[in-house]
Amino acid sequence: MSPNFAPLDLLKRLVTIADKLVADRSLQISDNTLRSLRAEVDAARHHANPDWDIVDYQATCLAECITALAHARTDRDAIKEERAKMYINTLAHFLHTDVLAHERRARQ
């Protein structure tokens, strides 16, 4: 079964969600949305098409860190929240760089 989304679009959406959650503490994300996001990343990672290789382990880690941030906020655990934000910022930066590189290669 082929996912109904493009790998680059998935990564852009993942990075956007991460950036917005870190920037605005009042934003919340539902458990259902978190499950869907993680499932989409998992489906993309197991896709046989080599074009999907851009969705890699870092994307899985970012989805898990977004989940950790949401849970830390629900639990009002400031230490876990700050740690999740640190990981999110790092992973989002790497994925954003990967997206830009992929777009550059596609234009050539």
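This structure is a prediction, so every number in the text was calculated from the model and none was measured.

S.K.: I'd love a proper account of the overall build of the protein, names of residues and values included.
M.R.: In terms of regular secondary structure, the protein is built from four helices and zero strands. Along the protein, from the amino end to the carboxyl end, the secondary structure elements read α-α-α-α. The C-alpha radius of gyration computed for the protein amounts to 14 Å, which stays within 12% of the reference 13 Å derived for 108 residues, consistent with globular compactness. The principal-axis extents of the C-alpha atoms in the protein amount to approximately 45 × 30 × 20 Å. Scored against the burial criterion, the 108 residues of the protein give a buried share of 38%. A fraction of 75% describes how many contacts in the protein between residues 6 or more apart in sequence connect residues 24 or more apart. Taken as two groups, the 15 positive and 16 negative side-chain charges of the protein have centres that lie 3 Å from each other.

S.K.: Before we move on, could you go through the layout of surface pockets and cite the residues and values that matter?
M.R.: Considering only enclosed or pocket space, the largest pocket measures out at about 250 Å³ in volume. Forming the walls of the largest pocket are 13 residues, and the residues nearest its centre are L27, Q28, A70, R73 and T74. Of all the secondary structure elements, the ones that give two or more residues to the lining of the largest pocket are α2 (31-45) and α3 (57-75). No other element matches the four residues that α3 contributes to the lining of the largest pocket. When its residues are assigned to classes, the lining of the largest pocket shows five nonpolar, four polar and four charged.

S.K.: Requested: an account of the side chain of E103, with residues and values cited.
M.R.: Here E103 lies in helix α4 (residues 78-107). A polar atom in the side chain of E103 sits 2.7 Å from the side chain of K12.

S.K.: For the pattern of salt bridges, give the residues involved together with the corresponding values.
M.R.: It is possible for side chains bearing opposite charge to pair when their charged atoms get close. Per the stated rule, a full pass over the model turns up six salt bridges. Residue R38 pairs with E64 through a salt bridge whose shortest N-O separation is 3.0 Å. Here the residue R38 occupies a position in helix α2, and E64 occupies one in helix α3, the gap between them amounting to 26 residues. You can call R38 partly exposed: its relative accessible area is 33%. A single salt-bridge network, built from bridges that share partners, covers R25, R73 and E81.

S.K.: Outline the confidence of the model for the protein, supporting the account with residue identities and numerical values.
M.R.: Here the protein averages 90 in pLDDT, while 94% of its residues score no lower than 70. The element-level mean pLDDT for the protein is lowest in α2, coming to 92, with α3 highest at 95.

S.K.: Please provide a residue-by-residue account of the environment of L27, values included.
M.R.: Among the secondary structure elements, L27 is positioned in the loop between α1 (7-23) and α2. Contact partners of L27, with chain neighbours within four places excluded, come to K20, L21 and R73.

S.K.: Can you tell me about the environment of V15, naming the residues and giving the values?
M.R.: By the element assignment, V15 lies in helix α1. Ignoring any residue separated from it by four or fewer positions in sequence, one finds V15 in contact with L62, A92, L95 and H96.

S.K.: If you had to explain α2 to someone new, which residues and values would you point to?
M.R.: Here α2 is 15 residues long and its end C-alpha atoms lie 21 Å apart, about the 21 Å a rise of 1.5 Å per residue gives. Contacts made by the buried residues of α2 are with α1 and α3.

Cut-off values and rules
- Residues numbered from 1 in each chain as written.
- Predicted model: local features only at pLDDT ≥ 70, side-chain atom pairs only at ≥ 80, totals over all residues.
- Heavy atoms only, no water.
- Helix = DSSP H or I, 4+ residues; strand = E, 2+ residues; numbered from the N terminus.
- Rg over C-alpha atoms; globule rule 2.2 N^0.38 Å.
- Buried < 20%, exposed > 50% of the residue type's maximum accessible area, 1.4 Å probe, protein only.
- Contact = heavy atoms within 4.5 Å.
- Lys, Arg positive; Asp, Glu negative; His and termini not counted.
- Charge placed at Lys NZ, Arg CZ, Asp CG, Glu CD.
- 1 Å grid on protein atoms, 1.4 Å probe; cavity = no way out; pocket = protein on both sides within 12 Å on 5 of 7 lines; lining within 4 Å.
- Points joined across faces, edges and corners; volume = space filled by probe spheres on them.
- Nonpolar A, V, L, I, M, F, W, Y, C, P; charged D, E, K, R; others polar.
- Polar contact = N/O pair within 3.5 Å; in protein donor to acceptor, adjacent residues only side chain to side chain.
- Salt bridge = Lys/Arg side-chain N within 4 Å of Asp/Glu carboxyl O.
- pLDDT = per-residue confidence, 0-100.
- Expected span 1.5 Å × (residues − 1).

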